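Tertiary structure, described
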Amino acid sequence: MGNRRPHWRKPMELNLPHDLSPWGMFMAADIIVKAVMIGLAFASLVTWTIWLAKSLEILGGKLRIRRAVRAIGDAATLKQASRALGRSGGPGALLVKAAEEETALSAGALDHVGGDGLKERVTSRLSRIEAAASRRMSRGTGVLATIGSTAPFVGLFGTVWGIMNAFIGISQAQTTNLAVVAPGIAEALLATAMGLVAAIPAVVIYNVFARSIAGYRQILADASAGVERLVSRDLDFRTVAPATALAAE
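Just so it is clear, the model here is predicted, and its values are computed rather than measured.

Before going further, it helps to examine the packing of helix α4 (residues 91-105) against helix α5 (residues 116-138). Each pair of packed helices gets described by two things: the angle between the helix axes and the distance between those axes. Running from N to C, α4 and α5 point in directions that differ by 155°, and their axes come no closer than 9 Å. In terms of orientation, α4 lies roughly antiparallel with respect to α5. Classified by chirality, the crossing of α5 by α4 is right-handed. Taken together, the residues of α5 that come into contact with α4 (itself represented by Pro-91, Leu-94, Leu-95, Ala-98, Ala-99, Glu-101, Glu-102 and Thr-103) are Leu-118, Arg-121, Val-122, Arg-125, Leu-126, Ile-129 and Ala-133.

Set out below in structure tokens:
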């Protein structure tokens, strides 16, 4: 036993994959994990597409409604506001046009009844236009909320699936060698990372849009209130004009 030479076990070589980049891990991943990653990449693309399109839409909408608010505020009558807006599009022009149409439809009755009914009808039509404009401006933001709330769980599903495959690989190889364990876990964690990459911008952009749309609604409400003031002023002048004519006679 004394002359027995010690036996040194030759260390096992760790055959780690050479390409541990995100693309390399994606190509080496299981088909289910690949599908999860592709879905999350598509969700991220949708998020940034909505951000670009909705940013331009909100910016243009705010510029149009601010011009309409200035025109309505500078006008003394509903007709002046209509002429100032001309054929410009946007909800501001629709508010003025709806008030004009309702006033024209009620013109025959105003000689016999007060203007309270007209004011109520104008308010009703303006509120519907406001609601429709707000719904149009909010379109697409629900997709951001869905992506922000579900993307982390989708990524977690890919992670769980990848780790399951990693443990299956460990059991089949009957070793805890890093070369067997590391790639599967890395692929699994990549799915979680992509889920967060898709979810975090979606949540942030959704919150930014929520504040911007709330500001747009406030400006729209200012335009509607301005139109209501013009209608009320026109009714007052309509009441005063016959009395002035009778006094002159």
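So much for the structure itself; the text now carries on.
Residues of the protein with pLDDT of at least 70 account for 78%, and the chain-wide mean is 81. Taken element by element, the protein is modelled with least confidence in helix α1 (residues 22-28), mean pLDDT 66, and with most confidence in helix α2 (residues 31-74), mean pLDDT 92. This stretch, residues 1-18, has a pLDDT under 50; its non-local contacts, to residues over four places away or in other chains, come to 9 contacts. Throughout residues 243-249 the model reports pLDDT below 50, and contacts reaching past four residues in sequence, or to other chains, amount to 0 contacts.

Another aspect to go through is α5. If you check α5, its first and last C-alpha atoms are 33 Å apart, about what 23 residues at 1.5 Å a residue would give, namely 33 Å. Along α5, the residues classified as buried are Leu-118, Val-122, Leu-126, Ile-129, Ala-133, Ser-134, Met-137 and Ser-138. Following α5 by one or two positions, Gly-140 adopts a phi angle in the positive range, close to 100°.

Turning next to the UniProt feature "transmembrane region" (unreviewed entry) in the protein. Mapped onto this numbering, the UniProt entry annotates "transmembrane region" (unreviewed entry) at residues 20-53, 143-168 and 188-209. Segment residues 188-209 splits into 100% helix and 0% strand. End C-alpha atoms: 32 Å apart.

This part is about the pattern of salt bridges. As enumerated under the stated definition, the model contains 4 salt bridges in all. A salt bridge links Glu-57 to Lys-54, with the nearest nitrogen and oxygen atoms 3.0 Å apart. Taken together, the residues span about one helical turn, with Glu-57 and Lys-54 both in helix α2 at a distance of 3 residues. Residue class for Lys-54 comes out buried when judged on its relative accessible area of 5%. One salt-bridge network, in which partners are shared between bridges, spans Glu-101, Glu-102, Arg-121 and Arg-125.

The next subject is the packing of α2 against α5. Closest axis-to-axis distance for the α2/α5 pair is 10 Å, and the angle between their directions is 150°. Judged by the angle between their axes, α2 and α5 are roughly antiparallel. Mapping the contact onto sequence places Lys-54, Glu-57, Ile-58 and Gly-61 in α2 and Arg-136, Met-137 and Ser-138 in α5. Grouping the constituent residues of the contact of α2 with α5 by class yields 2 nonpolar, 2 polar and 3 charged.

Each value, and the rule that gives it
Residues numbered from 1 in each chain as written. Predicted model: local features only at pLDDT ≥ 70, side-chain atom pairs only at ≥ 80, totals over all residues. Heavy atoms only, no water. Axes fitted to C-alpha atoms, helices over the stretch in contact; angles between N-to-C directions. Helix = DSSP H or I, 4+ residues; strand = E, 2+ residues; numbered from the N terminus. Parallel < 35°, antiparallel > 145°, perpendicular 65-115°, else oblique. Left-handed = near helix turned anticlockwise from the far one by under 90°. Contact = heavy atoms within 4.5 Å. pLDDT = per-residue confidence, 0-100. Expected span 1.5 Å × (residues − 1). Buried < 20%, exposed > 50% of the residue type's maximum accessible area, 1.4 Å probe, protein only. UniProt positions renumbered as here; feature names shortened; annotations may be inferred. Salt bridge = Lys/Arg side-chain N within 4 Å of Asp/Glu carboxyl O. Nonpolar A, V, L, I, M, F, W, Y, C, P; charged D, E, K, R; others polar.

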